[in-house]
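In case you want the letters, here they are:
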Amino acid sequence: MAAPFTLRKIGVQPNSANLTEARRRVFDFFRAACRSIPTIMDIYNLQDVVAPSQLRFAISAQIRNNAHVTDPKVIDLLLFKGMEELTDIVDHAKQRHHIIGQYVVGEGLVQNTGSKDQGKSDFLKNFYTSNYF
Amino acid sequence: MSTTFCSSVSMQATSLAATTRISFQKPALVSRTNLSFNLGRSIPTRLSVSCAAKPETVEKVSKIVKKQLSLKDDQKVVAETKFADLGADSLDTVEIVMGLEEEFDIEMAEEKAQKISTVEEAAELIEELVQAKK
C-alpha cells in the first residue's frame, strides 16, 4: 500500500517564467489533487455517494474551464486559488454538503461547468459593451 | 559506465559489464524479435531485456483509457495506440495516469509519467512498479 499522500504547505512561489512552466505547475496541482482524493473521501464519507473517478473528472473539468488562458501570471493566480480550495477541503474546513454541491452534483447546483464566453457571438459582445452598434 | 537509451523502454540488466553502449535510433516498440543495438562485442548472456508488457495489464489499461475518454466498447485500443490518437489532450493523459495509479495502487514518478504516450508504455511502467513493490 503506497504511503498516504500529504499535502505539503508551500508558500507563494515566484511567478512562472513561461507557459511551459505554468503547464507543469497545472499538472503538479492536478496530481496533488487527485492523490488527495482518498483522504477527501475518507473525511467527508463520500464512499457511497461518488466514485474517485467522478471526483477526478470534476477537478479536470474545472481546470479545462480555464484552458483558454495563456498568460502565465493569470494561470499562477488560478492555481493559487485552486490550491487554496484544495487545502481548505483537505483541512476539513468545508462540510459535506459543500463538497457534494460543488463537485458531485451535475448541472443542478454547479454554476460554472459551462465554459466562459469564448467569443461565440459578436452580437452579444457588442450588446454587452454599448447600446449603439 | 551507464547505459544510455533515448526511449522510455525499461531494461532490467542483471549485471552489465563495463563500457557497454546501447543506443536506440527511435523510440520504437522493442520486442524480442526486433532488438537491434550496436555492441562492440557479443551480448553477455546475463543481460535480460523484458520489454513486452503482459496482455492482462494492457487489457486493464485499455479499459481505463476507454472509460476515461468515453470511447465506445468496440473502439480498437491496442498496445501501440497513442493517447493523442484517441482524442486525449495532455490533461486527459495525466488523468489516465492517475486512474492507473489508483487501479494498480502504485505511485508514478512525475518525470516518468510525463513521457507516457502509448498504452504499451503505461503498461510497462505499471508492471515495473508492481514488481518493485513486491
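Residues numbered from 1 in each chain as written. Chains lettered and ligands numbered in written order. Predicted model: local features only at pLDDT ≥ 70, side-chain atom pairs only at ≥ 80, totals over all residues. Heavy atoms only, no water.

Caption draft 1: Layout of the interface of chain B and chain A. In this assembly, 18 residues from chain B lie in contact with 18 residues from chain A. When chain B packs against chain A, close to 1,600 Å² is buried across both sides, 51% of that on carbon and sulfur atoms. Sorting the residues of chain B by area buried against chain A places Leu91, Glu95 and Met98 of chain B first, and these three jointly supply 34% of that buried surface. Seen at the junction of chain B and chain A, the total is five salt bridges. In this structure, the salt-bridge partner of arginine 64 of chain A is glutamate 95 of chain B, at a minimum N-O distance of 3.8 Å. Viewed at the interface, chain A and chain B are joined by seven residue pairs in polar contact (both at pLDDT 80 or more). (Contact = heavy atoms within 4.5 Å. Buried area = accessible area lost by both parts, 1.4 Å probe. Salt bridge = Lys/Arg side-chain N within 4 Å of Asp/Glu carboxyl O. Polar contact = N/O pair within 3.5 Å; in protein donor to acceptor, adjacent residues only side chain to side chain.)

Caption draft 2: Just unusual backbone geometry, in detail. Non-glycine residue histidine 92 of chain A carries a positive phi angle of around 65°. Looking at where histidine 92 of chain A falls in the secondary structure, it is placed in the loop between helix H3 (72-90) and helix H4 (96-104). The backbone of aspartate 105 of chain B shows a phi angle near 60°, a positive value even though the residue is not glycine. Here aspartate 105 of chain B is to be found in the loop between helix H2 (90-104) and helix H3 (110-115). Exposure remark for aspartate 105 of chain B: the relative accessible area of 28% places this residue in the partly exposed category. (Helix = DSSP H or I, 4+ residues; strand = E, 2+ residues; numbered from the N terminus. Buried < 20%, exposed > 50% of the residue type's maximum accessible area, 1.4 Å probe, protein only.)

Caption draft 3: Highlighting the pattern of salt bridges. According to the stated counting rule, one finds twelve salt bridges over all chains in the structure shown. A salt bridge links lysine 94 of chain A to glutamate 85 of chain A, with the nearest nitrogen and oxygen atoms 3.0 Å apart. Bridged by salt links that share partners, the residues Arg64 of chain A together with Asp89, Asp92 and Glu95 of chain B form one connected network.

Caption draft 4: Spatial organisation of the side chain of glutamate 95 of chain B. Within the element layout of this structure, glutamate 95 of chain B appears in helix H2. Glutamate 95 of chain B sits in the buried class, given a relative accessible area of 0%. A distance of 3.0 Å separates a polar atom in the side chain of glutamate 95 of chain B from a polar atom in the side chain of glutamine 68 of chain B. Setting aside its immediate chain neighbours within four residues, glutamate 95 of chain B contacts Phe30, Arg56, Phe57, Ser60 and Arg64 of chain A together with Gln68 of chain B.

Caption draft 5: Molecular detail of the layout of surface pockets. What the largest pocket holds in volume is close to 1,100 Å³. Taken together, the elements giving at least two residues each to the lining of the largest pocket come down to helix H1 (19-44), helix H2 (52-65), H3 and H4 of chain A together with H2 of chain B. Looking at side-chain class alone, the lining of the largest pocket contains 22 nonpolar, eight polar and eight charged residues. Here the second largest pocket defines a volume of roughly 900 Å³. Residue lining of the second largest pocket: 26 residues in total, with Ile10, Gln13, Asp28, Phe29 and Met83 of chain A positioned closest to the centre. Listing elements by their share of the lining of the second largest pocket, those giving two or more residues are H1 and H3 of chain A. Taken together, the residues of the lining of the second largest pocket break down into ten nonpolar, five polar and eleven charged. (1 Å grid on protein atoms, 1.4 Å probe; cavity = no way out; pocket = protein on both sides within 12 Å on 5 of 7 lines; lining within 4 Å. Points joined across faces, edges and corners; volume = space filled by probe spheres on them. Nonpolar A, V, L, I, M, F, W, Y, C, P; charged D, E, K, R; others polar.)

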